[in-house]
Amino acid sequence: MTRSWNTMEDFEAFLNDGGIVEVDDAMPEDYRKAVFTFIEMHANSELMGGLTERDWIPKTPGLRHKMSVLAKTQDEIGHGHLLYMVAADMGIKTRTEMLEDLFAGKSRFHNVFHYKAETWGDQVAIAFLVDAAALASQQAVFKNCSYGPYRRILKRIISEEGFHMRLGEDRMMRIANGTDLQRELFQGALDRWFWPSLQLFGPDSKPGDLLLRWHIKSERNEVLRDRWVQKFVPLLQSYGFSVPCPDLTQDEDGRWDVGPIDWEPLKATLAQGGPDSKRRIEQAARNWERTQWVRTAMDELAVPA
Ligand SMILES: [Fe+2]
Ligand SMILES: [Fe+2]
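Residues numbered from 1 in each chain as written. Chains lettered and ligands numbered in written order. Predicted model: local features only at pLDDT ≥ 70, side-chain atom pairs only at ≥ 80, totals over all residues. Heavy atoms only, no water.

### Brief notes about the overall build of the chain
A tally of regular secondary structure across the chain gives 12 helices and two strands. Taken against the 2.2 N^0.38 rule, which gives 19 Å for 305 residues, the C-alpha radius of gyration of the chain at 20 Å falls within 12% of a compact globule. With the principal axes as the frame, the chain shows a C-alpha extent of 60 × 55 × 30 Å. Counting across all 305 residues of the chain, residues that qualify as buried make up 48%. In the form shown here, the chain has an accessible surface area of approximately 15,200 Å², with 56% of it arising from carbon and sulfur atoms. Taking the 38 positively charged and 46 negatively charged side chains of the chain as two groups, their mean positions are separated by 4 Å. (Helix = DSSP H or I, 4+ residues; strand = E, 2+ residues; numbered from the N terminus. Rg over C-alpha atoms; globule rule 2.2 N^0.38 Å. Buried < 20%, exposed > 50% of the residue type's maximum accessible area, 1.4 Å probe, protein only. Areas by Shrake-Rupley, 256 points an atom, 1.4 Å probe, with all protein chains shown as cover. Lys, Arg positive; Asp, Glu negative; His and termini not counted. Charge placed at Lys NZ, Arg CZ, Asp CG, Glu CD.)

Spelled out as structure tokens, the structure:
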């Protein structure tokens, strides 16, 4: 059934009542574009994150960890596939157009995937800090998301991201209980990844943020970011690691404050100018070209409808 709304006020009243929009509804174009852009960026981030994991398959130490990196790579690429399908169904860009824009450096993906994972310690920090931040953001969308197809697909994605976070905890505890060298390795990674992970939540939400107004996001960026800080600062310290915040303070209620946040690194990543943006995008584009033969073969095998 195709539903339509006469005015934006009617549509917003529907959303405020907990209404769920479906793909064949005649939704306002601004809403369609906002949801599409949000899902496209999520899809791109899953794909770029999956490619980072893939890079580590040959370098991962030991069979146990290697199996988990293989599984995580598969999960992240799978999340990308699901999200590109949901985004393509919105009729703004095809899946191929989205991928081509990504590889041409024309569309965005999360800041953390513009950095390079230098050591195994970085991979541990990514699974522990980045996956937890991504999971918190996705849970906040899932909780109250007004776009039905995205909400349903998030249920599956979130369940797998929960595993990634547990995997990160497990890796972190092993490294924390390891040798001095291992602890140093993780501390170095923490120094590199703490701030990008925190910045994944973005700057404070602006008043009138349409994603909040249209029930795509359910919580303000600063609320999610603060919750992450209150969890991870004491957790990292309890394992004997230092949090790389020179202005870190704790108030009398025990709440942590990381001090002023420099948003310039985040802005650089949004303009594809992060420390590893160029190499990452070029590598992904090369990968797309090299695998063209698979898509050609699949098209030739396809049975005409
Ligand atoms: Fe994922
Ligand atoms: Fe993940």
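On we go from here.
### Quick look at the environment of serine 197
With respect to the element layout, serine 197 can be found in helix H7 (residues 180-199). Residue classification places serine 197 among the buried positions, given a relative accessible area of 0%. When the C-alpha atoms of serine 197 and methionine 41 are compared, they prove to be 17 Å apart, with 156 residues separating the residues in sequence. With sequence-adjacent residues up to four places away left out, serine 197 is seen in contact with Val112, Leu129, Val130, Ala133 and Trp228. (Contact = heavy atoms within 4.5 Å.)

### Side note on the environment of asparagine 221
Residue position: asparagine 221 is located in helix H9 (residues 221-238). Here asparagine 221 falls in the buried class, since its relative accessible area comes to 9%. Remark: the alpha-carbon pair of asparagine 221 and glutamine 187, spanning 34 residues in sequence, is separated by 27 Å. Asparagine 221 has contacts with Phe201, Gly202, Pro203 and Ser205, leaving out every residue within four places of it along the chain. In terms of polar contacts, asparagine 221 uses its side chain to reach the backbone carbonyl oxygen of proline 203, at 2.9 Å. (Polar contact = N/O pair within 3.5 Å; in protein donor to acceptor, adjacent residues only side chain to side chain.)

### Description of the coordination of the iron ion (ligand 2)
Coordination sphere of the iron ion (ligand 2), protein contribution only: Glu76 (OE), Asp131 (OD), Glu161 (OE) and His164 (ND1), at 2.0 to 2.2 Å. Each of the four donor atoms around the iron ion (ligand 2) contributes to a set of angles spanning 90 to 150 degrees, which defines the coordination as irregular. Every donor residue of the iron ion (ligand 2) comes from the same chain, spaced as E-x54-D-x29-E-x2-H. A separation of 3.6 Å is found between the iron ion (ligand 2) and the iron ion (ligand 1), which are bridged by glutamate 76. (Donors = N, O, S within 2.8 Å, 3.2 Å for Na, K, Ca; no water. Tetrahedral: all angles 85-135°; square planar, octahedral: opposite > 155°, others 65-115°.)

### Concerning a nonpolar patch on the surface
A cluster of nonpolar side chains, namely Trp293, Val294, Met298 and Leu301, defines an oily patch on the protein surface of about 490 Å² accessible area. The topology assignment puts methionine 298 in helix H12 (residues 292-301). (Patch = residues over 30% accessible without salt bridge, like charges linked within 9 Å, V, L, I, M, F, W, Y side chains within 5 Å. Salt bridge = Lys/Arg side-chain N within 4 Å of Asp/Glu carboxyl O.)

### Structural notes on the nonpolar core
Grouped together as the largest cluster of nonpolar side chains are 79 residues, with contacts concentrated most on Tyr31, Tyr147, Phe186, Phe194 and Trp228. Among the elements that make up this core, the one with the highest residue count is helix H5 (residues 120-142) (12 residues). Not counting residues up to four positions away in its chain, the partners in contact with tyrosine 31 are Phe11, Leu15, Val21, Ser146, Tyr147, Trp214 and Ile216. (Core = buried A, V, L, I, M, F, W, Y, C linked by side-chain atoms within 4.5 Å.)

### Quick word on the coordination of the iron ion (ligand 1)
Around the iron ion (ligand 1), the donor atoms from the protein are Glu46 (OE), Glu76 (OE), His79 (ND1) and Glu161 (OE), and they sit 1.8 to 2.2 Å away. For the iron ion (ligand 1), the four donor atoms are set out with angles of 92 to 145 degrees between them, so the coordination reads as irregular. One chain supplies every donor to the iron ion (ligand 1), and in sequence these donors are spaced E-x29-E-x2-H-x81-E.

### Considerations on unusual backbone geometry
Unusually for a residue other than glycine, histidine 215 sits at a positive phi of about 55 degrees. On the secondary structure map, histidine 215 appears in the loop between helix H8 (210-213) and H9. Relative accessible area serves as the criterion here: at 18%, histidine 215 is assigned to the buried category. Of note, the phi angle at glutamine 272 is positive, near 60 degrees, even though the residue is not glycine. Of note, glutamine 272 is situated in the loop between helix H10 (264-270) and helix H11 (277-290).

### Some words on the side chain of serine 277
With respect to the element layout, serine 277 can be found in helix H11. Among the residues examined, serine 277 registers a relative accessible area of 0% and is labelled buried. In contact with serine 277, other than residues within four places in its own chain, are His114 and Gln272.

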